[in-house]
Amino acid sequence: MSPTRGFAVAADAVDPLAHLKARFNLPTGPDGLPALYFAGHSLGAQPADASVEVGRVLDEWGHLGVKGYFSGTKPWVSYADDLSADLASLVGASANEVVLMNTLTVNLHLMLVSFYRPRNDRFKILIDEHAFPSDRYAIASHARFHGYDPREAIVEIKATGGEDTVKPEYVIETILSHGGQACLVLMSGVNYYTGQRYALSPVVRAAREVDCLVGFDLAHAVGNVPVNLNAADPDFAVWCTYKYLNGGPASPGAAFVNRRHFNDEAMPRFDGWWGHDIGTRFKMPDWFEPADGAKAWQLSNSPVLSSAPLRASMKIFKEADMHRVRRKSMALTAYLEAIIATYLSHRVDLITPSDPEQRGAQLSLRILSSARDAFDALTEVGVVADWREPDAIRVAPAPLYTSFDDVRRLAEAIGQAVGAPITWKDESPST
Ligand SMILES: Cc1ncc(COP(=O)(O)O)c(C=O)c1O
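Throughout what follows, the structure given in this document is the object of discussion. What you are looking at is a predicted structure, and each value in this text was computed from that prediction instead of being measured.

What follows is about the side chain of asparagine 191. Within the secondary structure, asparagine 191 sits in the loop between strand 7 (182-188) and helix 8 (200-209). In terms of polar contacts, asparagine 191 uses its side chain to reach the backbone carbonyl oxygen of glutamate 129, at 3.0 Å. Here the side chain of asparagine 191 touches threonine 194 through a polar contact of 3.1 Å, landing on its backbone nitrogen. Beyond its immediate sequence surroundings of up to four residues, asparagine 191 is in contact with Asp128, Glu129, His130, Ala131, Gln196 and Tyr198.

Structural data, given as structure tokens:
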């Protein structure tokens with residue numbers, strides 16, 4: 001990976017996904033041109049056809065009223081079905097193991113009802129350090145609900161030896177060593193703060209070995225790195241669709257429930273009418289008959305308007321193909337890393353692992369002095385990134401709408417912001 005200006009030009013010229021940038025609306029920067037949008041790990045950019053999909057629902061609501069539930073181009077009663085199936089294929093699961101519903105934290109609570117089943121002295125939950133606070137709040141509240149002290153129940157899998165990220169072998173050791181006391185492992189697919197990606201299969205194998213159930217928060221993994229849930233075989237997973245999946249603000253979340261659990265009648269689950277078997281749901285029976293598979297976990301009728309933009313995004317994903325997305329993503333992130341290592345290492349540290357297999361698109365940067373000022377300077381010149389307390393600037397070159405030249409411009413802006421303007425090795429200082 002050559003940290004030169006010329007590399008960006010050459011890589012963009014042969015990028016098979018370059019044309020997809022035009023299928024997104026990007027925010028405008030202070031110069032009136034599209035901003036340098038590096039916040040796809042937080043909220044993905046808007047697919048240009050999102051308004052078409054939302055408009056279709058609004059039109060049909062206007063023309064059909066309540067009849068839109070059962071007629072129109074995509075009847076609302078089953079509006080989530082093909083989206084759930086698309087998501088299932090993106091995460092390597094069977095269609096009936098994935099359901100689009102609610103939002104991530106709500107889904108995590110529903111999964112914890114089913115999969116956090118502490119018994120006597122096996123009540124601990126293992127979770128990665130820097131897990132998203134909402135996940136911590138959710139597991140703490142379930143521990144409390146079952147009568148345990150969350151401070152005793154939650155065990156963090158922490159980085160050791162002053163490092164920022166956790167060695168994969170240490171994750172496994174920690175799981176194995178807490179076997180007798182833990183009943184659940186909940187890990188990020190990609191950690192939101194450090195950008196570290198955890199391989200799912202070894203975590204699942206270790207959890208199984210010590211008789212723990214295991215779930216993943218894939219908010220920062222889906223649409224970012226390849227995910228194969230059937231191969232990894234966890235018990236459950238949850239994710240949102242507004243980051244790399246570009247579903248729009250507060251678009252619905254999704255849940256994966258391993259088919260192994262479908263017929264487990266002893267498993268607790270909170271029920272609602274939308275989880276009822278569709279064949280008899282509208283006969284309004286008094287007693288609940290679960291729908292097939294993960295759909296049984298649905299509670300309420302599905303949020304059609306807020307799901308509509310995802311339809312536009314999934315079309316782009318299918319066209320792009322996740323393998324090509326990942327290939328470009330690895331190159332974009334490696335290019336940014338190489339520039340930082342070559343020109344800016346005296347001002348910027350990387351929190352994210354430099355092994356490409358242990359990360360997705362995101363790099364978390366630690367600016368070595370005046371970090372907040374550097375972030376504000378980036379914002380002023382039209383870079384959209386984000387700031388995470390206490391000291392990290394997170395940037396993610398999302399491959400569907402980021403070019404190599406965008407990364408080159410981002411790196412130049414970072415150089416300016418940290419007081420170390422870049423002079424490219426392949427240009428003379430005066431050009
Ligand atoms: C890793 C992770 N988990 C959970 C959440 C919470 O998502 P929601 O607000 O959809 O519940 C987020 C939000 O950004 C997140 O990044």
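Between helix 1 (residues 5-13) and helix 14 (residues 404-417), the least distance of the axes is 8 Å, while the angle of their chain directions is 155 degrees. The angle between helix 1 and helix 14 falls in the class roughly antiparallel. Residue-level inspection shows Arg5, Phe7, Ala8, Ala11 and Asp12 of helix 1 in contact with helix 14, the latter providing Phe404, Asp405, Arg408 and Glu412.

Okay, the site of the ligand next. Inspection of the region around the ligand gives Thr103, Leu104, Thr105, Phe132, Asp135, Asp217, Ala219, His220, Tyr242 and Lys243 as its neighbouring residues. Residue aspartate 135 places a side-chain N or O atom 3.5 Å away from a nitrogen atom belonging to the ligand. Within the side chain of tyrosine 242, an N or O atom sits 2.8 Å from an oxygen atom of the ligand. Compared with its free state, where it exposes 400 Å², the ligand has 82% of that area covered by protein.

Moving on, we come to the packing of helix 11 (residues 304-320) against helix 12 (residues 322-344). As a packed pair, helix 11 and helix 12 sit with axes 6 Å apart at the nearest point and diverge in direction by 80 degrees. On the basis of their axis angle, the class for helix 11 and helix 12 is roughly perpendicular. Contacts from Phe317, Glu319 and Ala320 in helix 11 reach Met322, Arg324 and Val325 in helix 12. Tallied by class, the residues present in the contact of helix 11 with helix 12 amount to 4 nonpolar, no polar and 2 charged.

This paragraph deals with the sheet that holds strand 15 (residues 392-395). Ordered by their spatial adjacency, 4 strands build an open sheet running 11-12-15-14, and the pairing between neighbours is antiparallel. Since the sheet does not close on itself, it has two edges, and those belong to strand 11 (348-350) and strand 14 (386-388), each with one partner. Within the sheet, the average angular offset between the axes of one strand and its neighbour, ignoring direction, is 35 degrees. As paired elements, strand 12 (residues 363-367) and strand 15 share 4 bridges and run antiparallel to each other. Bridge pairing in strand 15 places serine 364 opposite arginine 394. The sheet contacts of helix 12 involve strand 11, strand 12 and strand 15, and relative to strand 12 the element is tilted by about 20 degrees. The strands that helix 13 (residues 371-380) touches are strand 12, strand 14 and strand 15; relative to strand 14, the one it contacts most, it runs at about 165 degrees.

Each regular strand carries side chains that alternate between the two faces of the sheet. Counting buried residues in strand 8 (residues 213-217) gives 4 out of 5 residues, a clear majority hidden from the surface. Bridge count for strand 7 against strand 8 is 5 bridges, and the pairing is parallel. Residue pairing for strand 8: serine 188 is matched across the bridge by aspartate 217. A crossover links strand 7 with its parallel partner strand 8, the connecting element being helix 8, and its sense is right-handed. With 3 bridges joining them, strand 8 and strand 9 (residues 236-239) adopt parallel strand pairing. Note on strand 9: the bridge partner recorded for aspartate 217 is valine 238.

Attention shifts here to helix 8. If you check which residues of helix 8 are buried, you get Leu200, Val203, Val204, Ala206 and Ala207. The arc enclosing the buried residues of helix 8, seen along the axis, measures out at 165 degrees, which places them on a common side. Facing away from the buried side of helix 8 by over 90 degrees, the exposed positions are Arg205 and Glu209. Looking at the buried positions of helix 8, the neighbouring elements they touch are helix 7 (168-177), strand 7, strand 8 and helix 9 (229-232). Looking one or two residues beyond helix 8, the residue adopting positive phi is aspartate 211, at roughly 60 degrees.

The phi torsion of most residues other than glycine is negative, and most of the peptide bonds are trans. Its identity as a non-glycine residue notwithstanding, asparagine 120 has a phi of 45 degrees, on the positive side. Structurally, the position occupied by asparagine 120 is in the loop between helix 4 (104-115) and strand 5 (124-128). By relative accessible area, which is 67% here, asparagine 120 ends up exposed. Phi at aspartate 233 takes a positive value of approximately 70 degrees, unusual for a residue other than glycine. With respect to the helices and strands, the residue aspartate 233 is situated in the loop between helix 9 and strand 9.

Another aspect to go through is the packing of aromatic side chains. Under the counting rule described, the total for this entry stands at 16 aromatic pairs. Between tyrosine 192 and tyrosine 193, the aromatic rings sit 6.3 Å apart at their centres with planes inclined by 55 degrees, giving tilted as the arrangement. Look at tyrosine 192 and you get buried, because its relative accessible area is 13%. Note that arginine 269 overlies the ring of tryptophan 297, its terminal NZ or CZ placed 5.3 Å from the centroid. The ring of tyrosine 79 has arginine 311 sitting right over it, with the charged end atom 4.3 Å from the ring centre.

Rules and cut-offs
- Residues numbered from 1 in each chain as written.
- Predicted model: local features only at pLDDT ≥ 70, side-chain atom pairs only at ≥ 80, totals over all residues.
- Heavy atoms only, no water.
- Helix = DSSP H or I, 4+ residues; strand = E, 2+ residues; numbered from the N terminus.
- Polar contact = N/O pair within 3.5 Å; in protein donor to acceptor, adjacent residues only side chain to side chain.
- Contact = heavy atoms within 4.5 Å.
- Axes fitted to C-alpha atoms, helices over the stretch in contact; angles between N-to-C directions.
- Parallel < 35°, antiparallel > 145°, perpendicular 65-115°, else oblique.
- Near = heavy atom within 4 Å.
- Areas by Shrake-Rupley, 256 points an atom, 1.4 Å probe, with all protein chains shown as cover.
- Nonpolar A, V, L, I, M, F, W, Y, C, P; charged D, E, K, R; others polar.
- Pairing = 2+ DSSP bridges.
- Buried < 20%, exposed > 50% of the residue type's maximum accessible area, 1.4 Å probe, protein only.
- Right-handed = clockwise from strand over helix to strand, strands pointing away.
- Arc of directions from axis to C-beta.
- Phe/Tyr/Trp six-rings, centres within 6.5 Å; stacked < 30°, edge-to-face > 60°.
- Lys NZ or Arg CZ within 6 Å of the ring centre and 35° of its normal.

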